Amino acid sequence: LTRLALLSCRATWSLRGARLMGFTEQFDVLLLTRKRGRVVRLFLAALLALLVLDVVGTLLLRLAPSIIIRSKSPPAWSWAQLGDFRDDTLDLFLLLILRTLLVATLGVAAVRCGTPNLTAAPAEVDGLAPLLLNGSGGGSVCEVVPPESGGNGAAQPTHAVKAEHLRSHALKEAAEVRKGLLVAAIFGVSTAAQVYVGVKCISFRGEWERDAHVLTAQGVLFGVAVLLINVESWLLKRLVHALTAEVGFFVPEFHSHPLYFHPSVPNHKCDLCRNKTGQVYRCPLCDWDACPACFNKKDRSTGEGVLRGDKGVKSGGALTTSQYFRRGLKLALPQLPLFGVALLCVVTTSALRLFLPNFQGQIFDHVIAGSQACMPGTPGAHEGKCGAAKASFLQVILLYLGCSVALGALGGLSSLCFNLISRRIIVSVRETLFRQLIKQDIA
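Residues numbered from 1 in each chain as written. Predicted model: local features only at pLDDT ≥ 70, side-chain atom pairs only at ≥ 80, totals over all residues. Heavy atoms only, no water.

Visitor: Account for helix H9 (residues 336-374), naming residues and giving values.
Guide: Between its first and last C-alpha atoms H9 spans 55 Å; for 39 residues at 1.5 Å apiece the expected length is 57 Å, and the two agree. Along H9, the sharpest kink reaches roughly 25 degrees, centred on Phe-355 and followed within four residues by the proline Pro-357. Those residues of H9 lying buried are Leu-338, Ala-342, Cys-345, Thr-349, Leu-352, Leu-356, Phe-359, Ile-363, Gly-370 and Ala-373. (Helix = DSSP H or I, 4+ residues; strand = E, 2+ residues; numbered from the N terminus. Expected span 1.5 Å × (residues − 1). Bend = angle between axes of the 7 residues up to and from the residue. Buried < 20%, exposed > 50% of the residue type's maximum accessible area, 1.4 Å probe, protein only.)

Written out as structure tokens, the structure reads:
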């Protein structure tokens, strides 16, 4: 029950932190929660697919006149065509090759220069690992030592930031500057390529005056080329940021996400001791902070995500999604009859909603047929046909009203059943929790 409550709290804090960031920042932070190898494979596959689309689009841009105009022969592939800026698109192939090579080279250089070398960073003497910025996992896991283990001879935690953390952060900041320059170069190359394609689109002639379809096709392909250049640049920058991202510290007893050191964050409070601090170990996804004192103590009794009992903090393993699902089914099992009734109402409501459009169409059909049968002066109109049309119209209207009333009744019944199920589960959980609290108090 405590874990379920903590999950809802973490989701609320995650939404709060996400609202404080833009889309790009949210995307980068979410990438940190995924495995690095999977992120690399996903981005490389996306970039490769975009590159293939870029090549196909550039090829179609050159062959569009000969495809649309049957009498026109395919264009020649010779170096002399490169000088024809206003009537040929061979230069776009050369631009594609040069841009791909240059952007790929700058991306590799940005990853190498943006990854600080911390192999020579000294290890700590009190059992805490240094802040590994370029590790391969999901964060260096810090072992939390219980308060009672700090006996004679144990290194006492300090309230200051570790020196190696500050040195690691300085190396990271220097690497970020180098990476930023190379990422800016990638942006410059992509912008120059987009400007070149835009200027060529404005001044291009080709077969546009001869055929409007060629104008439309090549104009759309010019726009697609600019869009693909922009998307490729954005994805490459995100890949560089993901490969050079700081791993940080993963302290499960403190927080469910890795923590990252920030040397200067004004007007922030530690979420463990509630004291103001300027240097924090921060979770950007949840807007959660830990001051150096709490981080160095690694005190499990004040952390989040732990179970506490009469004998102190209880160590519990992480629950999988299937385990949570089985526990939820166990709670809902006594309410199985009500759940069956609610499910039957939902199925029946869905089936009736499928038939309602048919009844609506029949109503319109009977209105048209009745107007033709009952209109004075219409050939073949007489009392028998008019009465039959009115009777059939009334029957369809009554069926439609019956289905509408049944829909409302079944919808209300299903809502009532689900509300009763949720209320009973809540009452059952409260009673179980109260019994366990009474037992602990008596113990």
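Visitor: Provide a residue-level description of empty space enclosed by the protein, including the pertinent values.
Guide: Under the defined criterion, the tally for this structure stands at 3 cavities of 30 Å³ or more. The calculated volume of the largest cavity comes to roughly 80 Å³. Considering the residues around the largest cavity, the lining is formed by Asp-54, Thr-58, Leu-92, Leu-95, Leu-96, Arg-99, Val-197, Ala-225 and Ile-229. Only helix H3 (36-68), helix H4 (90-113) and helix H6 (212-243) provide two or more residues apiece to the lining of the largest cavity. (1 Å grid on protein atoms, 1.4 Å probe; cavity = no way out; pocket = protein on both sides within 12 Å on 5 of 7 lines; lining within 4 Å. Points joined across faces, edges and corners; volume = space filled by probe spheres on them.)

Visitor: I'd like a description of a nonpolar patch on the surface, backed by residues and values.
Guide: On the surface, Leu-333, Leu-336, Phe-339, Leu-343, Val-346, Val-347 and Phe-418 cluster together into a nonpolar patch covering about 630 Å² of accessible area. Broken down by element, the nonpolar patch gets its largest block of residues, 5 residues, from H9. In this structure, Leu-333 sits in the loop between helix H8 (321-332) and H9. Classification of Leu-333 as exposed rests on a relative accessible area of 56%. (Patch = residues over 30% accessible without salt bridge, like charges linked within 9 Å, V, L, I, M, F, W, Y side chains within 5 Å. Areas by Shrake-Rupley, 256 points an atom, 1.4 Å probe, with all protein chains shown as cover. Salt bridge = Lys/Arg side-chain N within 4 Å of Asp/Glu carboxyl O.)

Visitor: Quick rundown of the sheet that holds strand S3 (residues 260-262)? Include the residues and the values.
Guide: What the 3 strands build is an open sheet, ordered S3-S6-S7; its pairing is antiparallel. Looking at strand neighbours, the two that pair on one side only are S3 and strand S7 (288-290), the edges of this open sheet. Neighbour-to-neighbour, the strand axes of the sheet open up by a mean angle of 35 degrees, direction not taken into account. (Pairing = 2+ DSSP bridges. Axes fitted to C-alpha atoms, helices over the stretch in contact; angles between N-to-C directions.)

Visitor: Mind laying out the packing of H4 against H6, listing which residues take part and the relevant values?
Guide: At a minimum axis distance of 10 Å, the contact between H4 and H6 shows a crossing angle of 15 degrees. Taken as axis vectors, H4 and H6 run roughly parallel relative to one another. As H4 packs across H6, the resulting crossing turns out to be right-handed. Touching Leu-92, Arg-99, Val-103, Gly-107, Ala-110 and Val-111 of H4 are Phe-222, Ile-229, Glu-232, Leu-236, Val-240 and Leu-243, all from H6. (Parallel < 35°, antiparallel > 145°, perpendicular 65-115°, else oblique. Left-handed = near helix turned anticlockwise from the far one by under 90°. Contact = heavy atoms within 4.5 Å.)

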